[in-house]
Amino acid sequence: MADFGQILRNVGEFGTFQKLLICALSFPNLILSFEFACIFFIESDPERHCNTDWILKADANLSVQEQLNLTVPLEPDGSYSRCRMFAPVDWDVDAIREHGLNETSVCDNGWVYYSSLYTATIVTDFDLVCDRAPLLQVAQTVMMSGILLGCLFFGPFAESFGRKRAVQIPLSIILIFTITSALVPNFLLYLLSQFLMGLGYGGFRLNGIILATEWIGVSKRSWGACITQLCGAIGQAILAGVIFLVRDWRLAQLVTAAPLAVIFIYIWFLPESARWLLDRGRTEEAKMLLVKVAAVNKRTFTDTHLEKIVVKEAEKKIGVSILIRSSVLRKYFFSVIFAWFSLNVAYYCISFNVGNFGLDVFLTQLLFGVTEMPAHILCMWLLEALGRRISFISTLLAGGCLCILMLVFIQGNPVALTVLATSGRFIVNSAATVCNVYVQELFPTSCRQTASGLGSIASRAGGLIAPLINMLALYHWSIPIVIFSGLTLISGGLSFLLPETQGIELPDSTDEAERNRNKKTTKEEWESNVHIKSSKL
């Protein structure tokens with residue numbers, strides 16, 4: 001019997017075909033980072049006061065300063081109130097000057113904004129200030145809810161309709177609702193567009209990595225996740241420059257839609273996963289596709305290789321229940337999904353606070369993106385040099401320690417705080433990349449997609465509650481830091497339960513997943529095993 005890994009070695013494990021596929025699937029990740037441009041505009045809280053143009057009916061020649069003095073109350077520190085105004089009256093200006101106004105009210109006629117970093121923001125267009133300020137976190141939560149639902153829906157969708165369709169449809173959704181987000185007239189429609197955009201985002205991120213990984217052999221398997229994540233980091237850095245130049249949030253959405261339109265054209269030419277085709281019994285389609293891949297990689301492929309493949313039908317019928325019925329896989333599964341959940345809580349709690357670290361928001365975002373690049377490059381080396389287990393444990397524990405050190409500087413040193421936040425995000429992001437690789441190597445083919453999908457759902461749940469955790473800073477500034485740092489440290493301790501998977505072919509059965517994971521395979525043994533399997537072909 002030959003496994004798919006042997007077939008892949010015959011047509012090319014990491015040839016021209018795989019490199020082109022990774023480029024095609026990675027480029028969208030560079031652009032999708034722009035979808036979080038709303039974070040810049042959400043975090044902006046410009047100087048403002050109530051719109052008090054009602055007094056201009058009494059005297060249209062009032063200067064701005066006179067208008068403020070007569071219609072806006074002062075705060076205890078001497079500044080003009082940002083959320084209150086004097087209630088309108090039918091007096092003439094002289095009477096107002098003589099007697100003054102005492103009764104205050106909310107800003108019934110909106111606000112006047114000034115001294116803003118931006119020409120137009122979500123805050124200013126939808127008046128998300130004062131009593132409506134909590135809606136800022138609602139906007140973040142709604143998008144993360146869409147991402148979570150995208151993982152939940154497009155995971156099973158990929159099992160039934162293929163990896164290719166589960167990549168193409170989400171990208172189409174993202175394009176459509178990126179454009180609608182730029183055109184919506186009110187906040188409710190903005191939330192709907194953000195939710196649906198998040199739906200596509202979650203579906204693509206889950207299935208794009210799986211499609212790339214299922215075409216790459218064991219020697220370069222980690223590259224599928226690392227390179228796609230690397231492009232996301234590059235996009236984060238570019239995003240800082242784009243928003244620095246484009247200070248209008250609606251225009252920023254349209255700028256994002258332009259490259260997505262280019263991606264929309266070529267995604268329809270992406271290949272299906274041959275592994276999935278064989279799993280579904282579509283052998284002829286898989287054969288034709290493998291012949292084309294072999295030609296692109298300048299290899300040869302014959303029918304005899306497919307004839308040696310045996311599909312384990314009995315285990316396919318068990319499906320997701322394997323994760324619960326097997327005590328070993330159950331232990332792996334809950335350790336991984338808790339770590340993935342914790343990582344995303346920490347990552348998004350830090351990311352959503354990009355404007356609150358005391359330094360220039362554009363500089364902080366640029367640092368976030370630039371430092372993520374070496375994080376993913378480092379992962380490509382760590383995964384091969386140290387293995388999956390040590391890399392995962394060390395990045396989780398180091399990231400948690402750096403995050404908790406933020407408690408020392410949160411009140412006084414913005415430079416130190418930004419350095420710690422950036423470093424913590426760097427390490428946490430590295431751990432997330434390792435997790436993307438790890439989750440696909442621990443579980444057998446019959447439940448690999450299910451495990452990846454459920455793990456991704458757990459990770460998105462972490463992103464979903466991150467804005468809510470940040471809201472706890474209203475009670476004490478240290479609460480969010482303690483929560484996301486503590487979760488990361490706990491998940492690092494639980495990761496000691498996981499085995500090493502470096503240099504081991506993806507398991508095709510539960511028995512292989514349980515037995516082979518507990519064996520330490522040296523590099524020499526792995527290379528010898530690969531040589532023996534290849535010679536049998």
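Please read all numbers here as calculations on a predicted model, not as lab measurements. (Residues numbered from 1 in each chain as written. Predicted model: local features only at pLDDT ≥ 70, side-chain atom pairs only at ≥ 80, totals over all residues. Heavy atoms only, no water.)

1. Some details on the state of the cysteines
Applying the stated criterion across every chain, the model contains two disulfides. The residue that forms a disulfide with Cys50 is Cys107, at a sulfur-sulfur distance of 1.7 Å. In this structure the cystine formed by Cys50 and Cys107 twists about its S-S bond by roughly -45°; its chirality is therefore left-handed. On the criterion of sequence distance, the pair formed by Cys50 in strand β1 (residues 47-50) and Cys107 in the loop between β3 (104-106) and β4 (111-114) is long-range, its members being 57 residues apart. For Cys50, a relative accessible area of 0% translates into the label buried. The buried category is assigned to Cys107, whose relative accessible area is 7%. (Disulfide = S-S within 2.5 Å. Helix = DSSP H or I, 4+ residues; strand = E, 2+ residues; numbered from the N terminus. Buried < 20%, exposed > 50% of the residue type's maximum accessible area, 1.4 Å probe, protein only.)

2. Structural notes on the nonpolar core
Formed by 98 residues in total, the largest nonpolar core has its most connected members in Leu25, Trp215, Leu290, Phe392, Phe443 and Phe484. Of all the elements, helix α17 (residues 327-351) adds the most residues to this core, at 15 residues. Once residues within four sequence positions are removed from consideration, Phe484 is found in contact with Val345, Ala346, Cys349, Ile350, Cys403 and Met406. Ala120, Val129, Val184 and Trp249 belong to the second largest nonpolar core, which has 18 residues in total. (Core = buried A, V, L, I, M, F, W, Y, C linked by side-chain atoms within 4.5 Å. Contact = heavy atoms within 4.5 Å.)

3. Focus on the side chain of Ser181
By secondary structure assignment, the location of Ser181 is in helix α8 (residues 165-183). A polar atom in the side chain of Ser181 sits 2.7 Å from the backbone oxygen of Phe177. When residues no more than four places from it in sequence are discounted, the contact partners of Ser181 are Tyr190, Ser193, Gln194, Trp249, Arg250 and Gln253. (Polar contact = N/O pair within 3.5 Å; in protein donor to acceptor, adjacent residues only side chain to side chain.)

4. Quick notes on α17
If you check α17, its first and last C-alpha atoms are 36 Å apart, about what 25 residues at 1.5 Å a residue would give, namely 36 Å. Burial analysis of α17 places 19 of its 25 residues in the buried class, which makes it a mostly covered element. (Expected span 1.5 Å × (residues − 1).)

5. Focus on a nonpolar patch on the surface
On the surface, Ile179, Leu183, Leu251, Leu254 and Val255 cluster together into a nonpolar patch covering about 410 Å² of accessible area. If one sorts the elements of the nonpolar patch by residue count, helix α11 (residues 249-266) sits on top with three residues. (Patch = residues over 30% accessible without salt bridge, like charges linked within 9 Å, V, L, I, M, F, W, Y side chains within 5 Å. Areas by Shrake-Rupley, 256 points an atom, 1.4 Å probe, with all protein chains shown as cover. Salt bridge = Lys/Arg side-chain N within 4 Å of Asp/Glu carboxyl O.)

6. Side note on the environment of Leu378
Relative to the helices and strands, Leu378 is located in helix α18 (residues 361-385). Separated by 152 residues in the primary sequence, Leu378 and Cys226 have C-alpha atoms spaced 9.3 Å apart.

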